Amino acid sequence: MVEHADRSRTVAKPSPIAKSRLTRSPRSVAGQVFVLQVAVVVLLVLGAILALVLESRHSSESEARTRSVAAAVAFAHAPGLPEVLKSPDPTAVLQPLTEDARQQAGVDFIVVMNTQGIRYTHPLPDRIGQPFVGTIGPSLAGHILTESVHGPLGREVQAVVPVTAPDGSVVGLVSAGLKVKNVATAGDRQLPVILGTGAAALAVATGGTALVFRRLKRQTRGLGPTEMTRVYEHHDAVLHAVREGVVIVAPDGRLLLANDEAKELLRLPPDADGRHLSELPDLDPDTAELLLSGRTATDEVHRSGGRLLAVNQRPTDRHGRAMGTVATIRDSTELQALAGRAEVAGNRLALLYEAGIGIGTTLDVMRTAEELARIAVPAFADFVTVDLADPVLQGDEPTGTGDLRRAAVHGIRDDHPFYPRGRLIAFIPSTPQARGFDSGRSQVVPDLSVAHGWQAQDPERTREIVDFGVHSLITTPLKARGIILGIANFWRSQKPEPFDDEDRSLAEELVARAAVSIDNARRYTREHTTAVTLQRSLLPRALPEQSALTVAYRYLPAQSGVSGDWFDVIPLSGSRVALVVGDVVGHGLHAAATMGRLRTAVHNFSALDLAPDELLGYLDELVNRIDLEEVDGGPGPGAGVTGATCLYAIYDPVSRLCTIARAGHPPPALVGPDGTVAFPELPIGPPLGTGGMPYETAQVQLAEGTQIVLYTDGLVEERTRDFDVGMELLREVLARRERQPEEHCRAVLDALLPARPQDDVALLIAKTRVLGAEHVAERTVQPDPACVAEVREWSQATLDGWGLSDLSFGTELVISELVTNAIRYGSPPVRVRLLRDRSLICEVADGSSTSPHLKYAATTDEGGRGLFLVAQLTERWGTRYTGQGKVIWAEQPLPADQGSDHGATGSPD
């Protein structure tokens, strides 16, 4: 300004008044100029001080925001971070990493959170798991947000950056920042320097103003405050980013800037700045290609030596003009390894979870072994074989010998060279299988080609296995409750890496789960076998000989446990036959034992020749008593009979009448000789044990050749099929002409039963026969003792006609005694009937219900010896009651050459 004023005075011609003033008071003019100069300088200095103070504060806050953004962006773009956020415990992995990054970055906190704002990390551990203090909405939309908030550390300047998955979705957030007081403190530390600079500038104002301005302008290269702020922010963000290399490349491929971290990561020489990238020999070609291309890159992974580098590259000008590029480089080797370990752990947990729900779905030993093999292939091994001690398959505990039976074999290919399923294998002591079974510890064989102890088992087959490509083996004992049940063998062929100790621990966890299920299946097999044996011992082993019916039957125990189903064929007096089928509700030994008691009771009651309704009434009372006895004996599992049904039918081959009564049981099916099927309408009584309700009978006259089909509800009822549908299906299967009972049994079971029935099934099919008139002789007897002689003559003539003259003497005595008693103690009408069947049956009926009793007469008694003689002369005798009175009957065996050709056939399945 002084120079300018002087030049004005020399060039311009002042006015006379001004000239006179300058001439008159040069000091005042100089003083005014000086004062003006000083005032201007003072104002400039004060303005500069104020501007510098504001600039210092603004720069400090800008620096804080920049460092916060850089730290948050760097951590949010770390490879593997999305996978870690999805892991079961992100805090355990991320907390130490964020604390290390925070210290290196020079920020006060780095917080990783989920998309709901719940913190996974924080410098104050007690704040982990609490909501984040700040705005997360823009970041959830994919934007970077900086803000000033009042957080857990006080007033904070923070940045919130989204964590994106490969598909672009936001899976988490990262926030980094500094406390405001630290930012302000940094500005306050600069204030004394600014004031000193202002004082110095004021002291030399008159002499150095122009020089200062010229030097300042030269040093700033003509940039104004805005440009200087932008340059400062870029420079600060690039050079102070934590643990990241920064590389700035010119458009022509020259390296303009590389910080120390970048030189270390890329192995650049010290004089790399200013050189073309193609001139740097140690730079990875792929990385050099990326830096020279100028294209945008996000988290591209490149190798440099033994490191994995994540490279992000952007143009230096956001408007896309060719001004070079800036690239940030991070060493993600440790994070990649951590992500890999997390993935392996996740796969392991997934396999164990699948094993927990996929092994032991049934109580079958072989099926459980197959489930173990299928779960482990191909996630863990390429082939799996399971060998169990032979007694385990029968439900017993192993005896300790080394002979094992192959229970399962499964792999990625079916044409494997391993021993087939069912093979009994005796492992020699040198094999890992024998060592594992004897010691109870897993055996790892990394290389089977040099495992001579294993090869000695079967040199030819082991050579085939090695030639097949199988190279590694883990043998793990199946141990439960301290008992070794067998071994599981895991083989690898396609996976090149051999089994190691980590694989051993995973195999032991898998096998431990399977061993418990196999042991449960083994114990169930033992109990099931015991119960089935008991139940079969209580069922009829062979049907009795009789002439009235041709019988076929089937009994199938349930796969899930024995039940209380039973059937019986009981010969009665007068060539009649009783058919019984019943079902005790429930499964297990209690149901089987109860069934045995009921079956015995039916035999005892049928010996009394009771009618079906009376027999069911007595059986109902018996079930009530059983319930009371077991309840009085103490409550417990299976106490009492929870329910039982029964159907009792008596077929008379002479009258062709079938008398039926049922207690809550499904009705029988009647298959006519022409193939028609009918379910007769029968009165249904309550199940046994309910008490209070009488049972009713129904009589059906059957044509010769009619088949009576009795069954339990397990035949027609099934979880996926209604009862009515099952009955209709039974009707369709039975509707066949000229099919014998045995053929009907096979057809019915094939059509109605599933592969693994859930309930016991009892099926009894009886084809009726008729005792024709040539085998029956009967007459009415007048109530006169003189008629006894006529009856004797009639019986002798009948026997002569049947070719049974040898039985005449005994038969005459029996008939004489029975008729005499009927005339003397009974009431008319009196009838006599002779039946020639498998034995000779004599029957005397009268209208009285008084039952005779066998007694031993004294020496002096005149009577009382009639029934005694009858008992001595016959094989059996007894009394049965009818609606018109009673029948006294007696049976005599026929001569060997006179036996009947009638019979019945049966076949338990």
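The preceding data block contains the structure.
These figures come from a predicted structure and were not determined experimentally.

J.: Please explain the overall build of the chain as it appears in this structure.
T.: Scanning the chain from terminus to terminus reveals 25 helices and 31 strands. A burial count over the chain gives 46% of its 909 residues as buried. Expressed as a percentage of contacts within the chain between residues at least 6 apart in sequence, the contacts between residues at least 24 apart total 62%. Here the chain displays about 44500 Å² of accessible surface, and carbon together with sulfur accounts for 54% of that area.

J.: Teacher, can you tell me more about the side chain of Glu 99 here?
T.: Here Glu 99 lies in helix α5 (residues 90–105). The exposure class assigned to Glu 99 is buried, which follows from its relative accessible area of 17%. Dropping the residues within four chain positions of it, Glu 99 is found in contact with His 122 and Pro 123.

J.: Looking at this structure, I do not really get the pattern of salt bridges. What am I missing?
T.: For side chains of opposite charge, pairing can occur when their charged atoms come near one another. Under the counting rule described, the total for this entry stands at 29 salt bridges. Residues Asp 503 and Arg 492 are paired through a salt bridge, measuring 3.6 Å at the closest nitrogen-oxygen approach. Residue Asp 503 is located in helix α18 (residues 501–538), and its partner Arg 492 is located in strand β15 (residues 483–492); the two are separated by 11 residues in the primary sequence. Accessibility classification places Asp 503 together with Arg 492 in one group, the buried group. Between Arg 838 and Glu 545 there is a salt bridge; the shortest N-O distance is 3.7 Å. Here Glu 545 lies in the loop between α18 and β16 (549–556) and Arg 838 lies in the loop between β28 (830–836) and β29 (839–846), a separation of 293 residues in the sequence. Judged by its relative accessible area of 26%, Arg 838 falls in the partly exposed class. Residues joined in a network through salt bridges with shared partners are Glu 397, Arg 481, Asp 519 and Arg 522.

J.: Honestly, the pairing of strand β19 (residues 644–652) in this entry has me stumped. Any pointers?
T.: In the case of a regular strand, side chains alternate between the two sheet surfaces. Most of β19 sits inside the fold, with 9 of its 9 residues counted as buried. Neither face of β19 is left uncovered, since the one carrying Ala 644, Cys 646, Tyr 648, Ile 650 and Asp 652 and the one carrying Thr 645, Leu 647, Ala 649 and Tyr 651 both have all their residues buried. As defined by bridge partners, strand β18 (residues 577–587) adjoins β19 across 8 bridges and the pair is classed as antiparallel. Bridging across to β19, Leu 579 finds its partner in Ala 649. The turn linking β19 back onto strand β20 (residues 657–663) is made up of 4 residues, and Arg 656 within it adopts a positive phi angle of 60°.

J.: So what exactly am I meant to see when it comes to the packing of aromatic side chains here?
T.: Each aromatic ring pair is specified by the distance between its two centres and by the angle formed by the two planes. This structure, assessed with the given rule, holds 8 aromatic pairs. Relative to Phe 490, the ring of Phe 380 has its centre 5.3 Å away and its plane inclined at 75°; by these criteria the two rings are edge-to-face. In this pair, Phe 380 sits in the loop between α13 (365–376) and β10 (383–389) while Phe 490 sits in strand β15, placing the two residues 110 residues apart along the sequence. Residue classification places Phe 380 among the buried positions, given a relative accessible area of 2%. Each ring, one from Tyr 553 and one from Phe 567, has its centre 4.9 Å from the other, and the planes form 40°; the classification is tilted. You can see Tyr 553 sitting in strand β16 and its partner Phe 567 sitting in strand β17 (residues 563–571), a full 14 residues away along the chain. For Tyr 553, a relative accessible area of 3% corresponds to the buried category. The ring of Phe 380 carries Arg 492 above its face, with NZ or CZ at 5.9 Å from the centroid.

J.: Quick question: what am I supposed to make of the nonpolar core here?
T.: Nonpolar side chains in soluble globular proteins generally cluster together in the buried interior. If you look at the biggest cluster of nonpolar residues, it comprises 54 residues, and the most contacted ones within it are Trp 566, Leu 579, Leu 619 and Tyr 648. By residue number, the principal contributor to this core is β19, which donates 7 residues. Every residue in contact with Leu 619, bar those within four places of it in the chain, is listed here: Leu 598, Ala 601, Val 602, Phe 605, Cys 646 and Leu 688.

J.: Just to check I follow, could you spell out a nonpolar patch on the surface for this structure?
T.: A contiguous nonpolar surface patch, about 370 Å² in accessible area, is contributed by Phe 809, Leu 813, Leu 869 and Leu 873. Secondary structure elements with two or more residues in the nonpolar patch: α24 (808–825) and α25 (866–873). Locating Leu 813 in the fold gives a position in helix α24. For Leu 813, a relative accessible area of 36% translates into the label partly exposed.

J.: So what exactly am I meant to see when it comes to the environment of Ser 332 here?
T.: Within the secondary structure, Ser 332 is located in the loop between β9 (325–331) and α12 (333–358). Using a relative accessible area of 2% as the deciding quantity, one classes Ser 332 as buried. The spacing of Ser 332 and Pro 79 is 253 residues in sequence and 6.5 Å in space, taken between C-alpha atoms. Among all residues touching Ser 332, those that are not within four sequence positions of it are Pro 79, Leu 308, Leu 309 and Ala 310.

J.: Explain the side chain of Thr 525 to me, please; I cannot follow it from the model alone.
T.: Assignment of secondary structure puts Thr 525 in helix α18. By relative accessible area, Thr 525 is classed as buried at 17%. From its side chain, Thr 525 meets the backbone oxygen of Ala 521 in a polar contact 2.7 Å long. In this structure, Thr 525 is in contact with Leu 363, Val 365, Leu 393, Gln 394 and Gly 395, ignoring residues within four places of it in sequence.

J.: Where do I start with helix α22 (residues 741–752) in this structure?
T.: Quick reminder: α-helices carry 3.6 residues per turn. Residues three or four places apart thus point the same way. Over its 12 residues, α22 runs 16 Å from end to end, which matches the ideal 16 Å to within 8%, given 1.5 Å per residue. Buried residues of α22: Pro 741, His 744, Cys 745, Val 748, Leu 749 and Leu 752, and no others. All buried residues of α22 project into a common sector of 120° when viewed along the axis, lining one side. Buried positions along α22 lie against β16, β21 (669–671), β25 (707–711), α21 (723–734) and β26 (761–768).

J.: Just checking my understanding: could you explain the sheet that holds β29 for this structure?
T.: Two strands in a sheet stick together by hydrogen bonds in their backbones, pointing the same way (parallel) or opposite ways (antiparallel). What the 5 strands build is an open sheet, ordered β27-β28-β29-β31-β30; its pairing is antiparallel. The sheet is open, and its two borders are formed by β27 (776–781) and β30 (876–882), each paired with just one other strand. Between one strand and the next, the sheet's axes are offset by a mean angle of 15°, whatever the strand orientation. Judged from the 8 bridges that link them, β29 and strand β31 (residues 885–893) form a sheet pairing that is antiparallel. Looking across to β31, one finds that Val 844 is bridged to Ile 888. Packing of helix α23 (residues 787–802) onto the sheet brings it into contact with β27, β28 and β29, and relative to β27 it is tilted by some 170°. Those strands touched by α24 are β27, β28, β29 and β31, and its axis lies near 15° from that of β29.

Scoring rules and cut-offs
- Residues numbered from 1 in each chain as written.
- Predicted model: local features only at pLDDT ≥ 70, side-chain atom pairs only at ≥ 80, totals over all residues.
- Heavy atoms only, no water.
- Helix = DSSP H or I, 4+ residues; strand = E, 2+ residues; numbered from the N terminus.
- Buried < 20%, exposed > 50% of the residue type's maximum accessible area, 1.4 Å probe, protein only.
- Contact = heavy atoms within 4.5 Å.
- Areas by Shrake-Rupley, 256 points an atom, 1.4 Å probe, with all protein chains shown as cover.
- Salt bridge = Lys/Arg side-chain N within 4 Å of Asp/Glu carboxyl O.
- Pairing = 2+ DSSP bridges.
- Phe/Tyr/Trp six-rings, centres within 6.5 Å; stacked < 30°, edge-to-face > 60°.
- Lys NZ or Arg CZ within 6 Å of the ring centre and 35° of its normal.
- Core = buried A, V, L, I, M, F, W, Y, C linked by side-chain atoms within 4.5 Å.
- Patch = residues over 30% accessible without salt bridge, like charges linked within 9 Å, V, L, I, M, F, W, Y side chains within 5 Å.
- Polar contact = N/O pair within 3.5 Å; in protein donor to acceptor, adjacent residues only side chain to side chain.
- Expected span 1.5 Å × (residues − 1).
- Arc of directions from axis to C-beta.
- Axes fitted to C-alpha atoms, helices over the stretch in contact; angles between N-to-C directions.

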